[in-house]
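Structural overview for review
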Amino acid sequence: MVMEETNTKVPSPIGENKIRLDAREKVTGAALFADDIQFGSGLLHARVKRSPHPHARIISIDTSKAKALPGVKAVVTGEDYPGYIGLYLLDRHIFCRDKVRYVGDPVAGVAAKSEQIAEKALQLIEVEYEVLEPVLDPEAGVSPEAPLLHPNLEEYEVANFIFPEPGTNISNHFKIRKGDVESVWDECEALVERKYHIPHIQHVPIEPHVAIAKVDETGEVTLWGSSQSPFAQRNLIAKCLGISQSDMRVIAPYVGGGFGSKAGVSMEALAVVIASQVKGRPVKLLLTREEEFYTAFVRQGLVAYFKMGCDADGRLLAMENKFFWDAGAYTEYGVNITRASGYSSSGPYEVPNVKTDSYCVYTNHPVGGPMRGFGMPEMHAGLEQCIDELARDIDMDPVEFRRINCLKTGSVLVTGSKMHPIGLTQCLEKAADAIGWGSKAPPSAPNKKRGKGIALMWKAPAMPPNAGSSAWVELAEDGTLTVGVGGQDIGQGAFTVAAQMAAAALGVPYEWVRIATPVDTLYSPYEWQTVASRLTWSMGNAVVNAAKDARRQILDLVAEAWEEDPQNLDIVNGIVVSYKSEREMPLKDIAIYGLPKPDDQGWLGGPVRGRGNFMPSYITGLDPETGQGERAVVHYTTGAQAVELEVDLDTGRVEILRGVSAFDVGRAINPELVEAQMEGGFVQGMSSALFESMQLKDGVMQNPSFVDYRIATSTDVPLDLENIIVEVPQDDGPWGARGVGEHSMVPTIPAIANAIYDAVGIRMEGPPFTAEKIYLAMLDAGIVK
Amino acid sequence: MAFHRITFNVNGELEQADVPSNMTLLKMLRENLALTGTKNGCAEGECGACTVLMNGEPVNSCLVLAVECDGAEIVTVEGLAHDERLDAVQQTIIDAGGVQCGFCTPGILISARALLDRNPQPSEEDIRIALVGNLCRCTGYVRIIQGVQEAARI
Ligand code: FES
Ligand code: FES
């Protein structure tokens, strides 16, 4: 690991490799996940009847036989639940009412005494469908002849930065019109025009989705679930059911991997609705692995067109991009992915002329969710290959080409705003250096070819302008600290980092800090969602503010009791010290019971609880016609990845030999955790590049199992992964920090694709770069016979 | 449904249970014995999250019927630490940074323990192969492999 020198002094334990708070309970099996909670014999089991058709009208549903089955406690359909649900565009019912729009769309739910009985009851539910023509391709979906999937699109409630086009299948159309692309094509020395197709993939957390719901006699709902978004679930489900948010409580223990699939509301509302029919009884809905594959949020597919040109000196002059997002049947997140890819559509480059049209298209495919990277891995996959091609077309080294064009501090962005301080050039140089750019080692065998590739990336947290965080800190009798947060530890280490920040901001040892878990909307402070790589920055700011608030209370109290100026007081290692009088007092003597007044007649202070929040206040809108505006996002995290690989000429198999990741994280609060994100993200990106694709045939996933949908295993990964931390501080991040959770899988596909090209001179329309596809492409190109 | 009385040893304790014919070992551990450290990631033998030791051998407990465990000795993740002292590989995986969400961790630890018991000095390749049935979506495996290497070293 290489650390950038920065001059700012930071307090302990910021920047230290503290062992994760949750490590011990996770290695002993003590850590509690949602499915581990014991509900006793009163627990009912839910199963869901799902559509076998990609697109059909529901003619009738007969549940009478299912209801009559002994052991069945409730059978639910959409009939009684007319409300709409959705994060940015409210376009779906909890259970389908009139139409089904993807294979797996829920049409009925059952609660029974056992899973077997519930399963049997599903078979007794008779649904009559009128099969409709499906939309199975996003480009076909925008044509006027395409069947309309949501005829009442214009009636749906929608966030004010999303622009659906009623009467079409377009649920959002985001535009960039910067400069004038048409006027400069003629000036270009080199032009590249390409089409890329990025397939759907699944998030594949190892813990399947699970939700347990209980509705009591008064209608109050408790939901336990594996959740990245307990507060968003409280809000969206309550709104859909027409109940108060206060009557909806979400309890979210540890999450066994999310990657976006457990954000927003996915299957949780199904459990709530089923439970509402069996008041007082907890009802558990646990997705099978097969259901996880074909009904959980997917990373939506993308058909992308790029046209870009540069002058003879290698300066990018223009880009024209068209993105057709295969968003699926509903758009929990797709509309905002469409927007994010639009306002990031230049890639991390300064380009004077950009025209982008990014379309979110309804199709009869599974529902697009926010998978790690939020559209950026898909978009960069093609964009960063075009950049490589342009460089080669004008005989320029791809690293040099990127160095010239990549964003620097103050660069004008595609939306017209200015780039904040940024360490992208350093990332590029360090990654190139580490991979040994420019030198080529001989392949390990005569039937292999070796290549190196590099790619850059940028990504901003994509969220509403006013997504907020809050936190509290509370001191116990012995001076130790409990920190309340509403963000979730989904494996990234958010709790550990929050504890480090609270310790640093208050002045206590890290070992004194606990996080109040599980996150529970009844007791935990509000947090928008654990998405967008925003916790270290946003929740971190809230935690720091809460710790500072507690600190101020303590110092004011001590100042008054000691008759000193709070300016001269400090908290060091859990002890209040005066730099003036040199008095000292441990926090345990202050925290709960306060201090006697200076004259000993009465007491000062009381139990200390600090509170803090954070919400960005500076985000402005973008012009709907041009995509231009003052500040569309809070910040961009940028970085680079480089790989060295070998292609086997006999089999087409790609073996990754080495990988380098370099990201500008502003400030690494816990460098080891940052590295772990870089490494895990690299391998997830590698897995998506080499193996993963949901094979959708007529809307039906053909490979819904780990055997047929392969993800990277322990035998696939190179041990030689280098992680480089670059630190150019974020002005409003805690100690300068910004997020890095998602970014590490953004440039992986194009870095690998560029290395494959370097090795054997072929490019594919899209991943996965399986041995078979590579071999056939090599055959086609005459590289092998 | 027929029930069977079985006697077996879990983590050093003798247990008796009446189990239906179709109950899996995974379900019995999690539901009857509240040993929820063993995870259900697929219930079809494909992810390794449910790995336990059965008579010293790692098995996918979702593919083993509880009735097959009559007379068997089972070790789950809860049985790895002794007297609050972590097993070496539990500690080295923590130190190597091989834990993220932790859902795969119990199965990985059991597979690693089984490997080290039968082969105290495994090569890198041995470790990779021993863990190939344990899927992890978070870590990228590198730190897990390094953790097992370190456990073999000490
Ligand atoms: S749960 Fe047994 S292998 Fe996945
Ligand atoms: S740590 Fe999350 S699956 Fe391995």
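This one's a predicted model, so the numbers in the text were calculated from it and none came from an experiment.

1. Looking at the overall build of chain A
- For chain A, the helix and strand inventory stands at 16 helices and 34 strands.
- A compact globule built from 785 residues should have a C-alpha radius of gyration of about 28 Å, and chain A, at 27 Å, falls within 12% of that.
- With the principal axes as the frame, chain A shows a C-alpha extent of 95 × 75 × 50 Å.
- A buried classification covers 65% of the 785 residues belonging to chain A.
- Look at the contacts in chain A between residues 6 or more apart in sequence, and 78% of them connect residues 24 or more apart.
- Carbon together with sulfur atoms contributes 48% to the accessible area of chain A, which is approximately 26400 Å² in total.
- The distance from the centre of the 72 positive side-chain charges to the centre of the 103 negative ones in chain A is 3 Å.

2. As for the overall build of chain B
- The secondary structure content of chain B amounts to 5 helices and 5 strands.
- Along its sequence from the N terminus, chain B presents helices and strands in the succession β-β-α-β-β-β-α-α-α-α.
- For a compact globule of 154 residues, the expected C-alpha radius of gyration is about 15 Å, and chain B comes in at 15 Å, within 12% of that figure.
- For chain B, the C-alpha atoms occupy an extent of roughly 45 × 30 × 25 Å along the three principal directions.
- Here chain B holds 154 residues, and the buried ones make up 59% of them.

3. Description of the interface of chain B and chain A
- Across the contact, 47 residues belong to chain B and 55 residues belong to chain A.
- When the two sides are added together, the surface that chain B and chain A hide from each other amounts to roughly 4100 Å², 56% of it contributed by carbon and sulfur.
- Here chain B is connected to chain A by 8 salt bridges.
- Notably, a salt bridge pairs Lys27(B) with Glu115(A), separated by 3.8 Å at the nearest N-O pair.
- Within the residue set of the side of chain B that touches chain A, elements represented by two or more residues are α1 (25-32), α2 (88-96), α3 (105-118), α4 (124-130) and α5 (142-153) of chain B.

4. Side note on the nonpolar core
- Counting 287 residues, the largest nonpolar core has Leu645(A), Ile752(A) and Phe769(A) as its most contacted members.
- With 16 residues, helix α13 (residues 535-562) of chain A is the single largest residue contributor to this core.
- Discounting residues that sit within four places of it in the chain, Phe769(A) has contacts with Val654(A), Ala689(A), Leu690(A), Ile749(A), Ile752(A), Ala753(A), Ile756(A), Met764(A) and Ile774(A).
- Counting 18 residues, the second-largest nonpolar core is a separate cluster that includes Val10(B), Met23(B), Leu35(B) and Ile74(B).

5. Some thoughts on the side chain of Glu46(B)
- Assignment of secondary structure puts Glu46(B) in the loop between α1 and β3 (51-54).
- We note that Glu46(B) is buried and unpaired, the nearest opposite charge coming from Arg289(A) at a distance of 6.8 Å.
- A polar contact of 3.0 Å, which involves the side chain of Glu46(B), links it to the backbone nitrogen of Phe706(A).
- Setting aside chain neighbours within four positions, we find Glu46(B) in contact with Ser705(A), Phe706(A), Val707(A) and Leu135(B).

6. Considerations on the environment of Gly301(A)
- With respect to the element layout, Gly301(A) can be found in strand β16 (residues 301-310).
- Those residues within four positions of Gly301(A) in sequence are excluded, and the remaining contacts are Ile198(A), Pro199(A), His200(A), Phe324(A), Trp325(A) and Asp326(A).

7. Side note on the pattern of salt bridges
- Under the definition given, this model contains 54 salt bridges over all chains.
- Put simply, Asp36(A) and Lys39(B) hold a salt bridge, and the shortest N to O gap is 2.5 Å. Within this pair, whereas Asp36(A) is found in the loop between α1 (23-28) and β2 (44-50), its partner Lys39(B) is found in the loop between α1 and β3, the two belonging to separate chains. Neither Asp36(A) nor Lys39(B) differs from the other in exposure class; each is buried.
- A salt bridge links Glu378(A) to Arg299(A), with the shortest nitrogen-to-oxygen separation between them at 3.9 Å. Of this pair, Glu378(A) sits in helix α9 (residues 376-393) while Arg299(A) sits in strand β15 (residues 298-299), placing them 79 residues apart in sequence.

8. Overview of helix α12 (residues 494-506) of chain A
- Helix length check: α12(A) (13 residues) gives 18 Å between terminal C-alpha atoms against 18 Å at 1.5 Å per residue, within 8%.
- Phi for Gly507(A), located one or two positions after α12(A), is positive at around 105 degrees.

9. Structural notes on the packing of α3(B) against α5(B)
All names here are of chain B.
- Contact geometry of α3 with α5 gives a least axis separation of 11 Å together with a crossing angle of 35 degrees. By crossing handedness, the relation of α3 to α5 is classed as right-handed. Of α5, the residues touching α3 (which contributes Ile-108, Ala-112, Leu-115 and Leu-116) are Ile-144, Val-148, Ala-151 and Ala-152.
- Across the contact of α3 with α5, the residue classes tally to 8 nonpolar, no polar and no charged.

10. What about helix α14 (residues 671-690) of chain A?
- Taking 1.5 Å per residue, 20 residues should reach 28 Å; α14(A) reaches 28 Å between its end C-alpha atoms and fits that length.
- Counting buried residues in α14(A) gives 19 out of 20 residues, a clear majority hidden from the surface.

11. So, the domain arrangement of chain A
Residues and elements named next belong to chain A.
- The domains assigned to chain A are domain 1 (8-20 + 467-614), domain 2 (34-132 + 209-286) and domain 3 (301-463 + 621-780).
- With 32 residues of domain 1 at the interface, the matching set in domain 3 holds 27 residues.
- A buried area of about 2100 Å², summed over both sides, lies between domain 1 and domain 3, and 65% of it is on carbon and sulfur atoms.
- Taken together, domain 1 and domain 3 are joined by 0 salt bridges.
- Across the contact surface, domain 1 and domain 3 share 10 residue pairs in polar contact (both at pLDDT 80 or more).
- With 6 residues, the single largest contributor to the side of domain 1 that touches domain 3 is α12.
- Partitioned by chemical class, the residues of the side of domain 1 that touches domain 3 number 15 nonpolar, 13 polar and 4 charged.

12. Considerations on the sheet that holds strand β26 (residues 584-586) of chain A
Residue and element names in this part refer to chain A.
- Ordered by their spatial adjacency, 3 strands build an open sheet running β24-β25-β26, and the pairing between neighbours is antiparallel. Strands with a single pairing partner mark the edges of an open sheet, and in this sheet they are β24 (569-572) and β26. Strand after strand, the sheet turns through a mean of 20 degrees between neighbouring axes, direction not considered.
- Pairing of strand β25 (residues 575-578) with β26, which is carried by 3 bridges, proceeds in the antiparallel orientation. Bridge pairing links Val-576 to Met-585 in β26.
- The sheet contacts of α13 involve β24, β25 and β26, and relative to β24 the element is tilted by about 125 degrees.

13. Things to note about the pairing of strand β2 (residues 13-20) of chain B
Residues and elements named next belong to chain B.
- Bridge count between strand β1 (residues 3-10) and β2: 8 bridges; the pairing is antiparallel. Within the sheet, the bridge partner assigned to Val-10 lies in β2 and is Glu-13.
- Taking the residues between adjacent antiparallel strands as the criterion, β1 and β2 are bridged by 2 residues, where Asn-11 takes a positive phi near 50 degrees.

14. Describing the sheet that holds strand β4 (residues 72-77) of chain A
Residues and elements named next belong to chain A.
- Here 8 strands make up an open sheet; going across it, the order is β4-β6-β2-β14-β11-β12-β13-β23 and the pairing mixed. The strands lining the two open edges of the sheet, one partner per strand, are β4 and β23 (519-520).
- Strands in contact with helix α3 (residues 115-124) are β2, β4 and β6 (106-112); relative to β2, the strand with the most contacts, it is inclined by about 25 degrees.

Quick notes on the rules
- Residues numbered from 1 in each chain as written.
- Chains lettered and ligands numbered in written order.
- Predicted model: local features only at pLDDT ≥ 70, side-chain atom pairs only at ≥ 80, totals over all residues.
- Heavy atoms only, no water.
- Helix = DSSP H or I, 4+ residues; strand = E, 2+ residues; numbered from the N terminus.
- Rg over C-alpha atoms; globule rule 2.2 N^0.38 Å.
- Buried < 20%, exposed > 50% of the residue type's maximum accessible area, 1.4 Å probe, protein only.
- Contact = heavy atoms within 4.5 Å.
- Areas by Shrake-Rupley, 256 points an atom, 1.4 Å probe, with all protein chains shown as cover.
- Lys, Arg positive; Asp, Glu negative; His and termini not counted.
- Charge placed at Lys NZ, Arg CZ, Asp CG, Glu CD.
- Buried area = accessible area lost by both parts, 1.4 Å probe.
- Salt bridge = Lys/Arg side-chain N within 4 Å of Asp/Glu carboxyl O.
- Core = buried A, V, L, I, M, F, W, Y, C linked by side-chain atoms within 4.5 Å.
- Polar contact = N/O pair within 3.5 Å; in protein donor to acceptor, adjacent residues only side chain to side chain.
- Expected span 1.5 Å × (residues − 1).
- Axes fitted to C-alpha atoms, helices over the stretch in contact; angles between N-to-C directions.
- Left-handed = near helix turned anticlockwise from the far one by under 90°.
- Nonpolar A, V, L, I, M, F, W, Y, C, P; charged D, E, K, R; others polar.
- Domains from an automatic or database assignment.
- Pairing = 2+ DSSP bridges.

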